[in-house]
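An overview of the molecular structure
One letter stands for each residue in the lines below.
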Amino acid sequence: MIKALLLIFDPTTTWEGIFRARRSLVFVLAAYLLPMILLASAAEGYGLVHWGKWQPEIGRIKNFPIREAVIVEVIQILLALVVVFVGAHLIKSIGETFHGRHTYTQTFTTVAYGLSPFFLLRLLDAFSGVSPWLSWSIGIILSIAVLYHGVPRMMEPDPPHAFGLFFMTSLLLALITGLV
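Quick look at the structure, then. (Residues numbered from 1 in each chain as written. Predicted model: local features only at pLDDT ≥ 70, side-chain atom pairs only at ≥ 80, totals over all residues. Heavy atoms only, no water.)

Moving on: a nonpolar patch on the surface. Where nonpolar side chains cluster on the molecular surface, the patch consists of Y148, F163, F167, M168 and L171 and spans about 520 Å² of accessible area. With 4 residues, helix α8 (residues 159-179) is the single largest residue contributor to the nonpolar patch. Topologically, M168 is positioned in helix α8. (Patch = residues over 30% accessible without salt bridge, like charges linked within 9 Å, V, L, I, M, F, W, Y side chains within 5 Å. Areas by Shrake-Rupley, 256 points an atom, 1.4 Å probe, with all protein chains shown as cover. Salt bridge = Lys/Arg side-chain N within 4 Å of Asp/Glu carboxyl O. Helix = DSSP H or I, 4+ residues; strand = E, 2+ residues; numbered from the N terminus.)

On to the side chain of S135. Here S135 lies in helix α7 (residues 132-155). For S135, a relative accessible area of 4% gives the class buried. Polar side-chain contacts of S135 include one of 2.6 Å to the side chain of D125. When near neighbours in sequence (up to four residues on either side) are disregarded, S135 contacts L121, L124 and D125. (Buried < 20%, exposed > 50% of the residue type's maximum accessible area, 1.4 Å probe, protein only. Polar contact = N/O pair within 3.5 Å; in protein donor to acceptor, adjacent residues only side chain to side chain. Contact = heavy atoms within 4.5 Å.)

Formed by 40 residues in total, the largest nonpolar core has its most connected members in L33, V84, F108, L115 and F119. Contributions of two or more residues to this core are made by α1 (2-9), α2 (11-21), α3 (25-50), α4 (66-97), α5 (104-114), α6 (116-121), α7 and α8. When near neighbours in sequence (up to four residues on either side) are disregarded, L33 contacts V28, L81, V84, F108, A112 and F119. (Core = buried A, V, L, I, M, F, W, Y, C linked by side-chain atoms within 4.5 Å.)

Next comes the structure, spelled out in structure tokens:
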């Protein structure tokens, strides 16, 4: 979570450290991504049980039973993992159209760290008065800002292709996360 804050406030130095560390896919997944997703889901689940969520169909705040909250959060965790894995695969495919030869680990690391502000802002979903669209929009804007520095550093595209790859990566991740 600290790395997510560092990516927001000092992206260039943080991306350089991530690049130099050259962590494996399993390490990034187990030591960085899963804990962040689990923390956000635990906070959101706590909020669903204790503070509820506004339900427009019934016109009031509904508190969820623990069983329903757990089901919702398990689905959220699985969808977040699908977003990262599928997003990394699609970005790897897109990167090849820009004459790049990127490994899946490079693209996975870029997506996992690039979406960390998005996952961090999911903590706001714990509060009943905060719309999920608000946390999504702020999170994806911060993620796009983080990816602006991360895509060229991590994926090392040719300079003429760097902005196009960043733009397509940002557009694709915004679309995937918005659909989810």
